[in-house]
Amino acid sequence: MRVVVATGNAGKVREIAEALGGLGWQLEGLGGLPLPEETGTTYEENAALKACAAAVTRGLPALADDSGLEVAALNGQPGVYSARFGNRASDTERNLYLLEKLRGAADRRARFVSVVILAYPDGHLETYRGELTGTLLEGPRGENGFGYDPLFVPDGETRTLAEMTVAEKRAISHRGRALAALIEAHRNGPPAREEAGGE
Ligand SMILES: O=c1[nH]cnc2c1ncn2[C@@H]1O[C@H](COP(=O)(O)OP(=O)(O)O)[C@@H](O)[C@H]1O
Ligand SMILES: [Mg+2]
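Per an unreviewed UniProt entry, the recorded name for the protein is dITP/XTP pyrophosphatase, and the organism is Deinococcus aluminii. A UniProt comment under Subunit (unreviewed entry) is attached to the protein, and it reads "Homodimer." Its UniProt record gives the protein the following Sequence similarities (unreviewed entry) comment, quoted word for word: "Belongs to the HAM1 NTPase family."

Shown next, in the form of C-alpha cells:
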C-alpha cells in the first residue's frame, strides 16, 4: 500500500519510517504539498486536519501525527501548542523557554502524547494514541531526536530521549506506542471498518 506521510517534521519522518519498516508499505513524502493550519484544539482534530488534507489531495491513504508535551507544573501546557511554545522559532529556543518557565520548580513531571491518524481518500479515519510519562531536566543532554527530547527522561530510564537511538526511543515513546497499535491493527491487512452507527 502506498501511504503519504503528512508531516514536514524531519524527526517525525525518521521515526515513522523506522517504526513502519516491517509493514512493507511504500511511504511517500508530501511532495511540496502545504499542510493546513492547525486550527484544532485537540491532537485528534489537528492530526485529522493534516491527514485528511493529504489523503484527499493525493488520492492516497495518508498518515499524520499530532503530538505535544504536557507539563504538570504548567497545568498541561504547552500541549497542543508545543510546536509554537512561547512563539519561539526553533527547538533550542523552545527548550530554553521551557527551562526558564520551570526555573526552581520542584515538580518536573511531564508527559508526551502522540495521536497518529491514518486517513483514506473517502474520509475514513483510523486513530491511534500513545503516551510517555517522565521528568524534565534542568539542562539539555544528548544530540539525537528532536523537539524537547534533550530535556526529557522517561520514567524508569536514566538517559534522555535525545541520548537514545531511534529504535530505543520507538520501543518506549508516545509515537512508538501509537505506531505499534497501528501495526497491530494492520497485521492482516487494513482493519475492518466499524458499521456506521453501530457499537
Ligand atoms: O517525540 C518527541 N520528542 C520531542 N518533542 C516532541 C515529540 N513529539 C512532539 N514533540 C514536540 O511537540 C511538537 C508537536 O508539534 P506538531 O505535532 O503540532 O507539529 P510538527 O509536526 O509541525 O512539529 C513538536 O514540534 C515538538 O516540539
Ligand atoms: Mg500540533
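Draft legend 1. Broad picture of the UniProt feature "active site" (unreviewed entry) in the protein. Per the UniProt record, the feature "active site" (unreviewed entry) sits at D66. Inspection of the secondary structure puts D66 in strand 3 (residues 62-71). A distance of 3.0 Å separates polar atoms of two side chains, one belonging to D66 and the other to K50.

Draft legend 2. Representation of the coordination of the magnesium ion (ligand 2). Listed as protein donors to the magnesium ion (ligand 2) are E38 (OE) and D66 (OD); their distances from the metal cover 2.0 to 2.2 Å. Here the residue E38 occupies a position in the loop between strand 2 (26-28) and helix 2 (43-58), and D66 occupies one in strand 3, the gap between them amounting to 28 residues. Relative accessible area serves as the criterion here: at 27%, E38 is assigned to the partly exposed category.

Draft legend 3. Local environment of the site of ligand 1. Around ligand 1, 19 residues are found, and the nearest of them are K12, D149, K169, H174 and R175. Within the contact set of ligand 1, an oxygen atom lies 3.1 Å away from a backbone nitrogen or oxygen of S67. One nitrogen or oxygen atom from the side chain of D149 is found 2.6 Å from a nitrogen atom belonging to ligand 1. Among the cavities detected, the one that contains ligand 1 is the largest pocket. Secondary structure elements with two or more residues in the shell around ligand 1: strand 3 and helix 5 (174-185). Considering every element that reaches the shell around ligand 1, the biggest residue donor is strand 3, with 4 residues.

Draft legend 4. The side chain of S82, seen in detail. Mapped onto the secondary structure, S82 falls in the loop between strand 3 and helix 3 (91-101). Setting aside residues up to four positions removed in sequence, S82 forms contacts with G68, L69, R94 and Y148.

Draft legend 5. How the structure looks around the pattern of salt bridges. Taken as a whole and judged by the stated rule, the model has 22 salt bridges. Close ionic contact of E15 with R175 constitutes a salt bridge, the shortest N to O distance being 2.8 Å. In this pair, E15 is assigned in helix 1 (residues 10-20) and R175 in helix 5, connecting sequence segments 160 residues apart. Each member of the pair, E15 as well as R175, is classed as buried. Salt bridges here are not isolated pairs; linked through shared partners, they connect K12, E15, D65, D149, K169 and R175.

What counts, and at which threshold
Residues numbered from 1 in each chain as written. Chains lettered and ligands numbered in written order. Predicted model: local features only at pLDDT ≥ 70, side-chain atom pairs only at ≥ 80, totals over all residues. Heavy atoms only, no water. UniProt positions renumbered as here; feature names shortened; annotations may be inferred. Helix = DSSP H or I, 4+ residues; strand = E, 2+ residues; numbered from the N terminus. Polar contact = N/O pair within 3.5 Å; in protein donor to acceptor, adjacent residues only side chain to side chain. Donors = N, O, S within 2.8 Å, 3.2 Å for Na, K, Ca; no water. Buried < 20%, exposed > 50% of the residue type's maximum accessible area, 1.4 Å probe, protein only. Near = heavy atom within 4 Å. 1 Å grid on protein atoms, 1.4 Å probe; cavity = no way out; pocket = protein on both sides within 12 Å on 5 of 7 lines; lining within 4 Å. Sits in = over half its atoms within 2 Å of the grid points. Contact = heavy atoms within 4.5 Å. Salt bridge = Lys/Arg side-chain N within 4 Å of Asp/Glu carboxyl O.

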